[in-house]
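# Residue-level structure breakdown
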Amino acid sequence: MKVYFIYIAVFLILLFLSGCMVGPDYKRPELDLPLKWRVDTNNDIETVNTSWWEQFNDATLNELIQIALRENKELRIAALRVEEFNARLQIVESSLFPQIGIGSSLSGNKLSENRQFAPPGDRASLRETYEFGAVVNWELDLWGRIRRSREAATAEVLSDKENYQAVMLKLVADVASAYMQLISLDRDIEITRELLKNREKIVQLNELKYSGGVISKYELEQIYLIYEKAKSNLPIKERQIAHLENALSVLLGQNPGPINRRNTLETLAIPSVPQGIPSEILARRPDIRQAEQDLIAANARIGVAKAQYYPTISLTNLFGYASTELSTLLLHKSSYYTFGATTLFPIFTAGRIAGQVRQNEAVQQQTLNKYLRTIQTVFQEVEDALISNQKLKEQFDIQARQLEILQGIHQLELRRYDGGYSSYIDVLNSEQHLYIAEITQVQNRRDICVALIQVYKTMGGGWLMSENTPVDKDISYREKL
């Protein structure tokens, strides 16, 4: 009994000491954050807390994004990576608890009767031994090596979760941007076909004039040339549409093919830019949160390495039954047990542990600078997106006035032609300038939509509905950090 009391006393003392953890505790670095953006934004902060793409009021876009979130293969891979690292965390956490196993064995032996010292009588006959027992092994985490490993593994799970969110954010932005380009090309083709219809009539009219000797061959060829130049734009834009549809299909997790769409670029609502302050951006951007979790993991790895300087203590207990007869196997007198503690203290490692500590400290400093660089890059992206959004709107307004002027000039050229003051080449030239301006205005409107998408993307979206994602419900480790 004295042995048991000593064993329990040693166990309690070691358990008390196990509250120690070597290595640095994580502290968030001090950040030099800008106080405000270079571009003033609206006060509509609530718009960032919604599914922002729905503010374009396009049912087709909403449907495409939902399909992408459900079927995109890259997003599925990111979700499975979270599951993988979740399993790794479970493996690490298991080391904090005793490892228990049971086993049984049946063995037999027969001694030789012809050796020099042969056993007398039947003692050389076959002997069988039955055994059944349990073993308990527990490494005491006195210096926090396992707990630091769990801290690092937890941070890795959260890092991959943030990577999943970053993939989701990029996916939605890519789908929305591709859709905007697609419907803008639809409008380009509409404008081009309207132009070609008018010019086909003009070509036919001028062919009659040439036959009647009203215009020269040179003038007719000029009209042909202008018509063919406009017509050559169609296959270019149709090719671009096919490529965009194929790329968008892959984003949707589908084979390349056509994309059904009902609305036009003009029917889209243009939402306002949400207001965001630096602290809110830090809370939303998944890449910043991922970089910080990587830093937490790297910081914990230093403690894992430093713990190797201290002894490793494991408790082992073996209990079971052994007998040469199966009928007496479970009797009390057949029982046996052993217990003990194993201690391994590093004396000389030729600098191996010191090298691992230095390595992990260098990795931690690299990760720290990556974290700080990520933050700086994020603020640059936000500033660029806000400036682009504002300046593209200004450009759109200027282009709208130019378009209005060109429409007036074209009407004047038509009246001059009707009055006999100019040739139809002049009318076609003014029409060409008007066509280019209309196409440019469509592209400007598309660029405004894409820039707005970039604003939401750089601000972290504010739309990540994590409660609806399959990977979140199994992750509850943030509170453990």
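Residues numbered from 1 in each chain as written. Predicted model: local features only at pLDDT ≥ 70, side-chain atom pairs only at ≥ 80, totals over all residues. Heavy atoms only, no water.

With that settled, the discussion passes to the overall build of the chain. Within the chain, the secondary structure is distributed over 10 helices and four strands. Ordered by position from N to C terminus, the α and β elements of the chain give α-α-α-β-β-α-α-α-α-α-β-β-α-α. In the chain, buried positions account for 40% of the 481 residues. Counting contacts in the chain only where the partners sit at least 6 residues apart, residues at least 24 apart contribute 85% of the total. (Helix = DSSP H or I, 4+ residues; strand = E, 2+ residues; numbered from the N terminus. Buried < 20%, exposed > 50% of the residue type's maximum accessible area, 1.4 Å probe, protein only. Contact = heavy atoms within 4.5 Å.)

Right, let's talk about a nonpolar patch on the surface for a bit. Together, Phe319, Tyr337 and Phe339 give the surface a local cluster of nonpolar side chains, amounting to about 300 Å² of exposed area. Within the secondary structure, Tyr337 is located in strand β4 (residues 335-344). (Patch = residues over 30% accessible without salt bridge, like charges linked within 9 Å, V, L, I, M, F, W, Y side chains within 5 Å. Areas by Shrake-Rupley, 256 points an atom, 1.4 Å probe, with all protein chains shown as cover. Salt bridge = Lys/Arg side-chain N within 4 Å of Asp/Glu carboxyl O.)

Moving on, we get to empty space enclosed by the protein. On inspection of all chains with the given rule, the structure shows one cavity of 30 Å³ or more. For the largest cavity, the calculated volume is near 70 Å³. If you go around the largest cavity, the residues you meet are Glu139, Leu140, Asp141, Leu142, Trp143, Gly144, Arg145, Ala307, Tyr310, Pro311, Thr312 and Ile313. Of all elements in the fold, only β2 (127-140) and β3 (312-323) reach the threshold of two or more residues within the lining of the largest cavity. (1 Å grid on protein atoms, 1.4 Å probe; cavity = no way out; pocket = protein on both sides within 12 Å on 5 of 7 lines; lining within 4 Å. Points joined across faces, edges and corners; volume = space filled by probe spheres on them.)

Attention now goes to the confidence of the model for the chain. Model confidence for the chain is summarised by a mean pLDDT of 82, while 82% of its residues fall at 70 or above. Mean pLDDT across the elements of the chain ranges from a minimum in helix α1 (residues 2-17), with 52, to a maximum in helix α6 (residues 233-251), with 94. Contacts from residues 42-49, a stretch scored under 50 in pLDDT, to residues over four places away or in other chains number 21 contacts. (pLDDT = per-residue confidence, 0-100.)

Take the packing of aromatic side chains next. Per the stated rule, a full pass over the model turns up five aromatic pairs. Pairing Trp52 with Trp53 gives two aromatic rings, centres 5.9 Å apart and planes at 80°, and the pair type is edge-to-face. Each member of the pair Trp52 and Trp53 is classed as buried. Seen in terms of ring centroids, Trp52 and Tyr456 are 5.2 Å apart; in terms of plane orientation they differ by 10°. Their pairing is stacked. Of this pair, Trp52 sits in the loop between α1 and α2 (59-71) while Tyr456 sits in helix α10 (residues 424-458), placing them 404 residues apart in sequence. Residue Trp52 is classed as buried on the basis of its relative accessible area of 0%. Residue class for Tyr456 comes out buried when judged on its relative accessible area of 1%. Members of the aromatic cluster, joined through ring pairs, are Trp52, Trp53 and Tyr456. Just above the ring of Phe85 sits the side chain of Arg88; from NZ or CZ to the centre is 4.5 Å. (Phe/Tyr/Trp six-rings, centres within 6.5 Å; stacked < 30°, edge-to-face > 60°. Lys NZ or Arg CZ within 6 Å of the ring centre and 35° of its normal.)

All right, on to helix α3 (residues 73-94) then. For α3, built from 22 residues, the straight-helix expectation of 32 Å at 1.5 Å per residue is met to within 8% by its first-to-last C-alpha distance of 32 Å. For α3, the elements touching its buried residues are α2 and α4 (145-211). The opening residue of α3, the one whose side-chain oxygen lies 3.0 Å from the backbone nitrogen of Glu74, is Asn72. (Expected span 1.5 Å × (residues − 1). Polar contact = N/O pair within 3.5 Å; in protein donor to acceptor, adjacent residues only side chain to side chain.)

For the rest of this paragraph, the subject is the pattern of salt bridges. A complete count under the given rule lists 24 salt bridges for this structure. One salt bridge connects Asp174 with Lys170, and the closest N-O pair in it is separated by 2.7 Å. On the criterion of helical spacing, the pair formed by Asp174 and Lys170 is a turn pair, its members being four residues apart in helix α4. Where Glu381 meets Arg285, a salt bridge forms, and the shortest distance between an N and an O atom there is 2.9 Å. With Glu381 in helix α9 (residues 352-418) and Arg285 in the loop between α7 (278-284) and α8 (286-306), the pair connects residues that are 96 residues apart, well separated along the chain. Judged by relative accessible area, which is 32%, Glu381 ranks as partly exposed. Each of Asp25, Arg148 and Glu151 takes part in salt bridges that share partners, so that together they form one network.

Let's shift gears to the environment of Ser159. Note that Ser159 resides in helix α4. The spacing of Ser159 and Val82 is 77 residues in sequence and 8.6 Å in space, taken between C-alpha atoms. At 2.6 Å, the side chain of Ser159 and the side chain of Asp294 are in polar contact.

With that settled, the discussion passes to the environment of Arg373. Tracing the backbone shows Arg373 in helix α9. The sequence separation of Arg373 and Ala291 amounts to 82 residues, and the corresponding C-alpha distance is 9.6 Å.

Let us look at the packing of α4 against α10. Packed helix pairs are specified by the crossing angle of their axes together with the interaxial distance, meaning the distance between the axes. Taken N-terminus to C-terminus, the directions of α4 and α10 make an angle of 170°; their axes are 9 Å apart at the nearest point. If you check the angle between α4 and α10, you find them roughly antiparallel. Taken together, the residues of the contact of α4 with α10 break down into 15 nonpolar, nine polar and eight charged. (Axes fitted to C-alpha atoms, helices over the stretch in contact; angles between N-to-C directions. Parallel < 35°, antiparallel > 145°, perpendicular 65-115°, else oblique. Nonpolar A, V, L, I, M, F, W, Y, C, P; charged D, E, K, R; others polar.)

The end-to-end C-alpha distance of α6 is 27 Å, a good match for the 27 Å that 19 residues give at a rise of 1.5 Å each. Restricting attention to buried positions, one finds in α6 the residues Leu234, Lys237, Ile241, Leu244, Glu245, Leu248 and Ser249. Projection of α6 onto a plane perpendicular to its axis shows the buried side chains occupying an angular sector of 135°, all on one side. Where the residues of α6 are buried, they touch α2, α4, α5 (217-231) and α10. Of the residues flanking the end of α6, it is Gly253, one or two places downstream, whose phi is positive at about 75°. (Arc of directions from axis to C-beta.)

Now for the nonpolar core. Residues Trp52, Phe56, Leu61 and Met180 are the most contacted members of the largest nonpolar core, which totals 69 residues. Broken down by secondary-structure element, the contributors of at least two residues to this core are α2, α3, α4, α5, α6, α8, α9 and α10. The greatest single-element share of this core, amounting to 20 residues, is contributed by α4. (Core = buried A, V, L, I, M, F, W, Y, C linked by side-chain atoms within 4.5 Å.)

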